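# Summary of structural features
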Amino acid sequence: MPHYIVKISPDEDLYVDWSTITDCPAVCGDRAALTEALGPESSGPERWERADRTGSSSRDGFYDWTVDEFIAEQRGIVKRKDLPEMARCLYAGLPYPHILHPLEDGHINDKWPTNG
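What this report covers is the structure whose coordinates are included nearby. What you see is a predicted model; the values in this text were computed from it and never measured. (Residues numbered from 1 in each chain as written. Predicted model: local features only at pLDDT ≥ 70, side-chain atom pairs only at ≥ 80, totals over all residues. Heavy atoms only, no water.)

### Some thoughts on the side chain of Lys7
Cut-off, in case you're wondering: Under the scheme used here, helices are H or I runs from DSSP no shorter than 4 residues and strands are E runs no shorter than 2 residues, and both carry numbers assigned from the N terminus. Only protein chains enter the accessibility calculation, which uses a 1.4 Å probe; a residue is then buried when its area is under 20% of its type maximum, exposed when over 50%, and partly exposed in between. Residue contacts follow a heavy-atom distance rule, with two residues in contact if any of their heavy atoms lie within 4.5 Å.
Structurally, Lys7 can be placed in strand E1 (residues 3-7). The class of Lys7 is buried, set by a relative accessible area of 7%. Excluding its chain neighbours within four sequence positions, the residues that come into contact with Lys7 are Glu12, Leu14, Tyr15, Ala51, Asp52, Gly55, Trp65 and Arg80.

Here's what the structure looks like:
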């Protein structure tokens, strides 16, 4: 299944590796950090060129600059600018209801299992 390099904003060296399997960012960082994390097979120069030009490494236009909302783990919508915060929360094992917006049907799943 695909994953895409998504650039957060045109003027910033900040990206996430967006997984379409889990609907969440797998890695977040600048180009150097993502290149190291993804390895040479997943971070070729043509993918970076597309991400910088269109907002996403997708060849088919998925998650380009016209897309500002991402369905996050079927919980709700996360704005492009909030993807780094989502990645930070996921990495730390924290919930992220503070950046969730309702899905089209008005639903938002802001319940996380508790440890204990």
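### Digging into the environment of Val67
Checked against the element boundaries, Val67 lands in the loop between helix H2 (45-54) and strand E4 (69-72). Considered as a pair, Val67 and Glu46 are 21 residues apart in the sequence and their alpha carbons are 21 Å apart.

### Topic: the packing of aromatic side chains
Two aromatic rings are characterised by how far apart their centres lie and by the angle between their planes. Note the following rule: Planes of paired rings set the category: under 30 degrees apart is stacked, over 60 is edge-to-face and the rest tilted, where pairs are Phe, Tyr or Trp rings (Trp by its six-membered ring) whose centres lie within 6.5 Å.
In total, this model carries six aromatic pairs according to the counting rule given. Residues Tyr15 and Trp48 carry aromatic rings whose centres are separated by 4.8 Å and whose planes lie at 85° to one another, so their mutual orientation is edge-to-face. With Tyr15 in strand E2 (residues 15-19) and Trp48 in helix H2, this pair connects stretches of sequence that are 33 residues apart. Assigned by exposure class, Tyr15 and Trp48 land together as buried. Linked through ring pairs, Tyr4, Trp18, Phe62, Tyr63 and Phe70 together constitute an aromatic cluster.

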